Amino acid sequence: MAKSRRFRFRYLAAVLCLLVLAALVGLAAFPWAMLKGTVEHRLSQSIGRAVSIGSMERLDTMSFHPRIRLRVVRMPQPAWVEPSLADLARIAQIDLSFSVWGLLTGRDAVERVEVRGANLQFYRTAQGRKNWSDDGSAERSGFGSGGRLLMLRVAESRLRYLDRKRDRSLDVAVASDASGLRIDGGGLILGSSVRITGRGAAIVDGRANAPWPFRVAIEGRAVGFALDGSMPSPLDLGHLQGQARAHADDLRLLDAIIEAGLPGTQPVRLAARIRRSIPDWTIDDLRGTIGRSDIAGHATIVKREGRSRITGALWANHFDFDDLSSNEGKRRAAAIKARLGPRILPGSAIDLTHVRRTDGALDLRVDHLLWSGQSPFRSMTAHVSLERSRLEISALRVGMTRGSMEGTMRIDQTDTSRPDPRLDLSLTLRGARLLDFFPRAQIDGSLIGRLAITGYGHTLADAFGAGHGVLALVGRDGQIPARTAALLGQDVGRGLTMGRDETDNLRCVVARLDIKGGMARPAPVLIDSSRALTQAWGSIDLRNERLMLSLKGAPKKPSLLRLPGQVGLGGTIKAPDIDVPPRTKTVGGVINMLASAIAGRQEPLAQDADCNALERQAMR
């Protein structure tokens, strides 16, 4: 009985072994060529057009790494591709060797590739749709992620690429043999011609597990990019590291290559160490220049679900904000200035449309701010965050010649019912001096202030021109030229006769502007010195910076020649125009002023203002 059971067990084991052996033999000898129709059908389904394979044959007889030859492969473009473009792929002959086990387990299975006479035409629409991928957000790591490319040979082949979204194209010859991988050709980036080259070590048996060195270069007069690096294995595009160098007439040109949502700038030169571990990019030891500004820092760029997230830090020893405008942007600004006249409110764009798919957070530090003219602003630190069309600049601190300005700025473009973004700006000024802001006037004193404004607009100037809020400045306990103080008090006699070096005490300068719908109204605006008191009424239209003010000054001591009434102040903030009454410009007008003084018909003298109460009112 026991012998019978042992016999049956051995018999079943033998049968099982024979079945497994038969399955293995069948798998090793499988006639892969019979799947030609299935392969054509699957490829046709993926692009929505009929794919054809002239012939498909197996070159070996039995192996778990079969060799397959395909001849006259044609893959038409999807129906939505521009009709003038060539087929997506035309390949005269391609020999493939793959791992059966890799194919069955879903890993990268292709091990050896030999291609002759391939012509590929890749294409991306302005909306970002790609003809080589049915998932616009998908990223492939290339070979090396679960599989190994043991050998690659390419001859008589060409790759063309047309990108309507980034306005770039290329046309390169591709070759790979025992001498290495070679790419040579040219292209266009935003209309600028470039030469494109690529070099890689030979992809041959025995080197599949060795680091694979490569070099890629895009060189042109207007833009250039070069990367010298290595991959863990040949064409493992998901894992690489190297040293990158770049230059461009405008950072926007460079962004057309790297696609990080960067703005237009002055000419740029950059160098950095980069590392990729799909889907993340890490940038270390970033150094370079933009215009006359220098920058350094590090960043991590993560691309997921069609969005880019940038985190890191940037710092500069010297930085000029004008370098963040391209020549084209400066020409537009100059044209606006020529049409509208000089402005004090910046026309810097705050529209976030170009970064709507970019998020992130950056710490910024500038040790020395550069300006084209005089400015009290000397340094800056800030934390910048961007999240789905919401930009916030927090922990903002601007160091000044004396004192500092601190606050936050928010730009929100998430409201799709409005065409322009919303600006919320809040700033506080502490420890400053009037002389640093108004050096030509030679008026000095301590200075504090605050700004809080909310408005909608494409630029900062537009947002101010439609904004609501308050601007307040208070200067205290300083000095003012005596002639200036006298003229502000409409004391013409002393204003014309006093020495240039004489000074008076400045008790306070109080300026509060209540802003509603872009109209700023004094609440109050005055200058009080030991010699005179001057007040202002009216309004300022922030849409065009037009002044519509009336000034009235009064001396604190009797004056022989005193200008009666009010003085109009028109023009713009940058170019004010004082409207002096015509009667004061004639001999008769002077005689009338003298007669008024003698007859005691002059207006009342001014008294000291309550500067403490006015300061509290302005800064509330």
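For clarity, every value in this text was computed on a predicted model and none was experimentally measured.

S.K.: How would you summarise the overall build of the chain if you had to cite specific residues and measurements?
M.R.: Within the chain, the secondary structure is distributed over 11 helices and 28 strands. For a compact globule of 620 residues, the expected C-alpha radius of gyration is about 25 Å, and the chain comes in at 37 Å, more than 25% above that figure. Its C-alpha atoms give the chain principal-axis dimensions of about 140 × 65 × 40 Å. Looking at the chain residue by residue over its 620 residues, the buried ones come to 43%. When contacts within the chain are restricted to residue pairs at least 6 apart in sequence, long-range pairs at least 24 apart make up 52% of them. Taking the average location of the 89 positive side-chain charges in the chain and that of its 64 negative ones, the two points are 4 Å from each other.

S.K.: Tell me what's going on with unusual backbone geometry, and back it up with residues and numbers.
M.R.: Backbone torsion omega between Ile278 and Pro279 reads 10°, so that peptide bond is classified as cis. Mapping Pro279 onto the fold places it in the loop between strand 12 (268–277) and strand 13 (280–290). In the segment running from Ala523 into Pro524, the intervening peptide bond is cis, with an omega of -5°. In the Ramachandran plot, Glu156 falls in the positive-phi region, its phi being about 55° despite a non-glycine side chain.

S.K.: Kindly report on the nonpolar core, identifying the contributing residues and their values.
M.R.: Ranked by size, the top nonpolar core spans 96 residues in total, and within it Ile189, Trp212, Leu254, Leu423 and Leu425 carry the most contacts. Val474, Cys508, Val510 and Cys611 belong to the second-largest nonpolar core, a separate cluster that totals 11 residues.

S.K.: Quick one: what's the story with the confidence of the model for the chain, residue by residue and with numbers?
M.R.: Taken over all residues, the pLDDT of the chain has a mean of 87, while the share at 70 or more is 90%. The model gives residues 593–599 a pLDDT under 50, and that stretch makes 14 contacts with residues more than four places away or in other chains.

S.K.: Go over the environment of Thr358, please, and point to the residues and values.
M.R.: Following the sequence through the fold, Thr358 ends up in strand 16 (residues 358–370). As for Thr358 and Arg388, which are separated by 30 residues in sequence, their C-alpha atoms are 7.2 Å apart.

S.K.: Let's hear about the packing of aromatic side chains: which residues, and what values?
M.R.: Using the criterion set out here, one finds 12 aromatic pairs in the structure. Judged by centre distance (5.2 Å) and plane angle (85°), the ring pair of Trp32 and Phe98 falls under edge-to-face. One end of the pair, Trp32, is in the loop between helix 1 (2–28) and helix 2 (36–47); the other, Phe98, is in strand 3 (residues 89–98), with 66 residues separating them in the sequence. You can call Phe98 buried: its relative accessible area is 12%. Centroid distance Phe321 to Trp371: 6.2 Å. Interplanar angle 35°. Geometry classified as tilted.

S.K.: Please set out the state of the cysteines residue by residue, giving values where relevant.
M.R.: Under the defined criterion, the tally for this structure stands at 1 disulfide. Put simply, Cys508 and Cys611 are joined by a disulfide, and their sulfur atoms are 2.2 Å apart. In this structure, the disulfide formed by Cys508 and Cys611 twists by about -70° around the S-S bond and is classed as left-handed. Of this pair, Cys508 sits in strand 23 (residues 503–516) while Cys611 sits in helix 11 (residues 611–619); the two residues are 103 residues apart in sequence, bridging distant segments of the chain. Judged by relative accessible area, Cys508 falls into the buried class, the value being 0%.

S.K.: Give me the lowdown on a nonpolar patch on the surface, citing residues and values where you can.
M.R.: A surface patch of nonpolar side chains, about 470 Å² in accessible area, is lined by Leu16, Val20, Leu24, Trp101 and Leu104. For the nonpolar patch, the elements supplying multiple residues, two or more each, are helix 1 and helix 3 (100–105). At 3 residues, helix 1 tops the list of elements feeding residues into the nonpolar patch. Structurally, Val20 can be placed in helix 1.

Criteria and cut-off values
Each residue is numbered by its place in its chain's sequence as written, counting from 1. Since the coordinates come from a predicted model, pLDDT governs what is reported: local features require at least 70, and pairs of side-chain atoms require 80 or more to be given and counted, while whole-chain, interface and lining totals use all residues. With hydrogens and water stripped out, all remaining heavy atoms of the structure feed into the side-chain values. Helix and strand assignments come from DSSP, with helices taken as H or I runs of at least 4 residues and strands as E runs of at least 2, each series counted from the N terminus. The atom set for the radius of gyration is the C-alpha atoms, and the globule formula is 2.2 Å times the number of residues raised to the power 0.38. Relative accessibility under 20% of the residue-type maximum defines a buried residue, over 50% an exposed one, and the middle range a partly exposed one, all with a 1.4 Å probe and only protein chains included. We call two residues contacting when some pair of their heavy atoms lies within 4.5 Å. For the purpose of counting charges, residues Lys and Arg are taken to be positive, whereas Asp and Glu are taken to be negative. His and the chain ends are not included. Note on charges: their place is set at NZ of Lys, CZ of Arg, CG of Asp or CD of Glu. Here, the term nonpolar core denotes a set of buried Ala, Val, Leu, Ile, Met, Phe, Trp, Tyr and Cys residues that are joined through side-chain atoms within 4.5 Å. Each residue carries a pLDDT score, the predictor's own confidence in it, on a scale running from 0 to 100. Here a pair means two rings of Phe, Tyr or Trp (six-membered ring of Trp) with centres within 6.5 Å. Their orientation is stacked below 30 degrees between planes, edge-to-face above 60, and tilted elsewhere. When the sulfur atoms of two cysteines come within 2.5 Å, that pair is taken as a disulfide. Patch building starts from residues that exceed 30% relative accessible area and form no salt bridge, then joins like charges within 9 Å and nonpolar side chains (Val, Leu, Ile, Met, Phe, Trp, Tyr) within 5 Å. Using a 1.4 Å probe, accessible areas were evaluated by the Shrake-Rupley method; residue-level cover was limited to the displayed protein chains. Salt bridges are identified by distance alone: a Lys or Arg side-chain nitrogen within 4 Å of an Asp or Glu carboxyl oxygen.

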